[in-house]
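# Observations on the three-dimensional arrangement
One-letter residues, chain by chain:
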Amino acid sequence: QVQLVESGGGLVQAGGSLRLSCAASGGTFSSYAMGWFRQAPGKEREFVIGISWSGGSFDYADSVKGRFTISRDNAKNTVYLQMNSLKPEDTAVYYCAAGPYAKLLIGDTRGIDYWGKGTLVTVSS
């Protein structure tokens, strides 16, 4: 059983940056693809960005292209989400996810093995 704990959320002005972290424990972190999803009020949870187990491949939603990057440190069992040029529409609860890479990339929330509890990101205009 893998536990995922997100941190780094908060309030930031539009145009600012935040770095989210997701620390994993209780399993073999390096065997999982990792990703970030987000859910805004009244909307469905959506895929944001994902990275393969080795860190050699990644993909992202068009809405964050050129602004968000993902990285992982398998030695520290941690995945990071660097968010730059934030916009008010990026406001959401951000969830860390572990599971099959293919499931992550297509946003198949039912195919995700593990979820964190989420961290709130609020971008003010």
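Use the structure listed above.
Residues numbered from 1 in each chain as written. Predicted model: local features only at pLDDT ≥ 70, side-chain atom pairs only at ≥ 80, totals over all residues. Heavy atoms only, no water.

A separate point is the nonpolar core. Generally speaking, soluble globular proteins have nonpolar side chains that are buried together. Leu4, Met34, Trp36, Phe68, Val79, Met83 and Tyr94 are the most contacted members of the largest nonpolar core, which has 29 residues in total. Residue assignment for this core shows that the elements contributing at least two residues are β3 (18-25), β4 (33-39), β5 (46-51), β7 (68-73), β8 (78-83), β9 (92-99) and β11 (119-124). The residues touching Leu4, leaving out its near neighbours within four places in the chain, are Cys22, Ala23, Ala24, Met34, Cys96, Ala97, Ala98, Tyr114, Trp115, Gly116 and Lys117. (Core = buried A, V, L, I, M, F, W, Y, C linked by side-chain atoms within 4.5 Å. Buried < 20%, exposed > 50% of the residue type's maximum accessible area, 1.4 Å probe, protein only. Helix = DSSP H or I, 4+ residues; strand = E, 2+ residues; numbered from the N terminus. Contact = heavy atoms within 4.5 Å.)

Within the fold, Glu46 resides in strand β5. Since its relative accessible area comes to 37%, Glu46 is described here as partly exposed. Measuring from C-alpha to C-alpha, the distance between Glu46 and Ser30 comes to 23 Å, with 16 residues separating the pair along the chain. With residues near it in sequence (within four places) discarded, Glu46 still touches Trp36, Phe37 and Arg38. A distance of 2.7 Å separates the side chain of Glu46 from the side chain of Arg38, its partner in a polar contact. (Polar contact = N/O pair within 3.5 Å; in protein donor to acceptor, adjacent residues only side chain to side chain.)

Right, let's get into the pattern of salt bridges. Evaluated as defined, the whole model comprises 4 salt bridges. When the shortest N-O distance is used, the salt bridge between Asp90 and Arg67 registers 2.7 Å. A residue pair is termed long-range when its members are at least 10 positions apart, and Asp90 in the loop between β8 and β9 and Arg67 in the loop between β6 (58-60) and β7 qualify at 23 residues. A single burial state applies to Asp90 and to Arg67, both of which are buried. Of the charged contacts, one joins Lys103 and Asp108 as a salt bridge, the two residues approaching to 3.4 Å between their closest N and O atoms. Look at Lys103 and you get partly exposed, because its relative accessible area is 34%. Taking the relative accessible area as the measure of exposure, Asp108 reaches 18% and is therefore buried. A cluster of three or more residues bridged by salt bridges with shared partners is formed by Arg38, Glu46, Arg67 and Asp90. (Salt bridge = Lys/Arg side-chain N within 4 Å of Asp/Glu carboxyl O.)

Another point: the sheet that holds β7. The antiparallel open sheet is built from 4 strands, whose spatial order is β1-β3-β8-β7. Looking along the sheet, the strands with just one partner apiece sit at the ends: β1 (3-7) and β7. This sheet shows a mean twist of 15° between the axes of neighbouring strands, independent of strand direction. The pairing of β1 with β3 spans 5 bridges and is classified as antiparallel. In the sheet register, Leu4 faces β3, and the bridge partner there is Ala24. (Pairing = 2+ DSSP bridges. Axes fitted to C-alpha atoms, helices over the stretch in contact; angles between N-to-C directions.)

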